[in-house]
Amino acid sequence: MRLQRAYSLLSVLALCLILSGCAGKKQPVAAPYTGPVCQDVLSFPQDLTVYAVTSGSERMLASASEQSLAADRQRQRHFRPWSLNKASLWVKQSLDKNFNMKLDKAFIGKGQPFPRDAWLDMETNSNKSAYPSGEGPAITLRHTNLRAMPTSMPYYIKPELPGEGYPFDYFQHTSLPMGAPLYICHTSRDGQWLLVESSITAGWLPAEDVASVDPDFMGRWQSRPLAALVRDNVNIAGRNAHIGLLLPLAEDAPRGRGQTLRVYYPEKEPSGAVMMQSITLPPDAAAVVPLPLTPGEVAKVGNEMMGQAYGWGGLDEKRDCSALTRDLFTPFGIFLPRNSASQAKVGRSVYLAGLSQEEKEEDIRREALPFSSLIWMPGHIGVYVGEYNGKTVMFHNMWGLRTRDADGGCDGRAVVGKAVVTSLRPGIERPDLCVSGSFLERIERAAILPGLGEVEEGM
């Protein structure tokens, strides 16, 4: 019996030694990826004219009548706030819910919760019990930010994660250019903020960036053809302006680019009244709407944005993915809503969800038109610009690629952070890429423009 116990004890000790030996050896760990953030950015020409030439630079992508109808629709949507006599119902509903923001999820930086007293002051200042107050038509005086709440303080969610924090300020709804028609819905208690409805969404603007307008001003402003900027960082009476801006022509001019254009801009007088002032823009700064929709013209406008830094919701006068597509097609008389999901419903849809990656790419090549089609996946959108070396390519402003973190999750980010041309499989060369098929695995729809469908925009 003792001998049997001794053998049993020796067996247990031997097993422990074997197990401890296995545990003591470190398992091989894959070395961190040290290559380019996204090889596509290096492999594909970051010049849209290369792809436009392949597609036929001067080829018309829409007939004159189609563009004319689209431009009429753009005018209607652009000036829609001035046709209101009261705010839309969903504006009040959003105000009641504080735009769905919660203090317990709010941060102003990494490890910095949103100050409770500042939150309460902000809610008090929203003056909800007095809604509506100070209603009426108005116009933006300069490029400005449309906020979810009457504050310039940021609202971050989980800013400790690499995919969160700056620039993802969730109080930032969008930016608006100078000369955007508005309907004032409400005024903050301190009078420093205005809750407004624009052509694309509602939110709070600094009162100093807005001026009320009367019927005479609106009539004269709306009576003129529109011009659109086709270049960024244009100085208009000391104010910085960008592609996406629409202003009325002060003098008639033919369609096309390369000419000086005289346009009106709004100027607030010391008395508080807003006046229509005029300024002559240099050649190639602006074009009469609609600019002919050709691959070459879209490429010229797009190249002005190429390589520009990513900016969530237009923060810091930068663009995110849907701001790029919206601004890019504005000079061509095409209205696009604010967010990517709504933009994907404009025009003729090519449904791709449920198809294999190969089938998706085949359908895009067969159905979509380079330089006048959008490619959408939940949370992201870009412009289909054709093929290069046998690969389907798109122009888009992308924040980054989801990569695996140390725990095997998908909270890692390989940040690109700018407007680029890539394939539909950006980052596929990365062993740490979280989605094996990259964009193609997530793409669900292509939208062929111009498209005249009604898309109502809410929050």
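None of these values were measured; they are calculated from a predicted model.

Participant: Would you mind showing me how to read the pattern of salt bridges here?
Facilitator: A side chain with one charge may pair with a side chain of the opposite charge, provided their charged atoms come close. The final tally for this structure, using the stated rule, is 18 salt bridges. One salt bridge in this structure joins R319 and D327, with 2.8 Å as the shortest N-O distance. What makes D327 buried here is its relative accessible area of 15%. Residue R425 pairs with E361 through a salt bridge whose shortest N-O separation is 3.2 Å. In this pair, R425 sits in the loop between β21 (412-423) and α12 (439-442) while E361 sits in helix α11 (residues 357-367), placing the two residues 64 residues apart along the sequence. You can call E361 buried: its relative accessible area is 12%. Among the charged side chains, a salt-bridge network with shared partners connects R348, E362, D363, R366 and E367.

Participant: Is there a simple way to think about the nonpolar core in this case?
Facilitator: Soluble globular proteins tend to bury their nonpolar side chains together. L48, F329, F371 and F395 are the most contacted members of the largest nonpolar core, which has 37 residues in total. Among the elements of the structure, α3 (48-55), α8 (295-305), α9 (321-329), β18 (373-377), β19 (380-388), β20 (391-403) and β21 are those that each provide at least two residues to this core. If we ignore the near neighbours within four places in the chain, the residues touching F395 are L48, G302, M305, M306, L324, L328, G382, V383, V385, A419, V420 and V421. Counting 31 residues, the second largest nonpolar core, distinct from the first, contains M218, W221, Y265 and V288.

Participant: Can you walk me through the sheet that holds strand β16 (residues 286-288) in this structure?
Facilitator: Ordered by their spatial adjacency, 3 strands build an open sheet running β13-β10-β16, and the pairing between neighbours is antiparallel. Bordering the open sheet on either side are β13 (246-248) and β16, each of which pairs with just one other strand. With direction set aside, neighbouring strand axes in the sheet form an average angle of 35°. Here strand β10 (residues 226-229) runs beside β16; their pairing, made up of 3 bridges, is antiparallel. The residue bridging L229 from the neighbouring strand is A286, located in β16.

What counts and what doesn't
- Residues numbered from 1 in each chain as written.
- Predicted model: local features only at pLDDT ≥ 70, side-chain atom pairs only at ≥ 80, totals over all residues.
- Heavy atoms only, no water.
- Salt bridge = Lys/Arg side-chain N within 4 Å of Asp/Glu carboxyl O.
- Buried < 20%, exposed > 50% of the residue type's maximum accessible area, 1.4 Å probe, protein only.
- Helix = DSSP H or I, 4+ residues; strand = E, 2+ residues; numbered from the N terminus.
- Core = buried A, V, L, I, M, F, W, Y, C linked by side-chain atoms within 4.5 Å.
- Contact = heavy atoms within 4.5 Å.
- Pairing = 2+ DSSP bridges.
- Axes fitted to C-alpha atoms, helices over the stretch in contact; angles between N-to-C directions.

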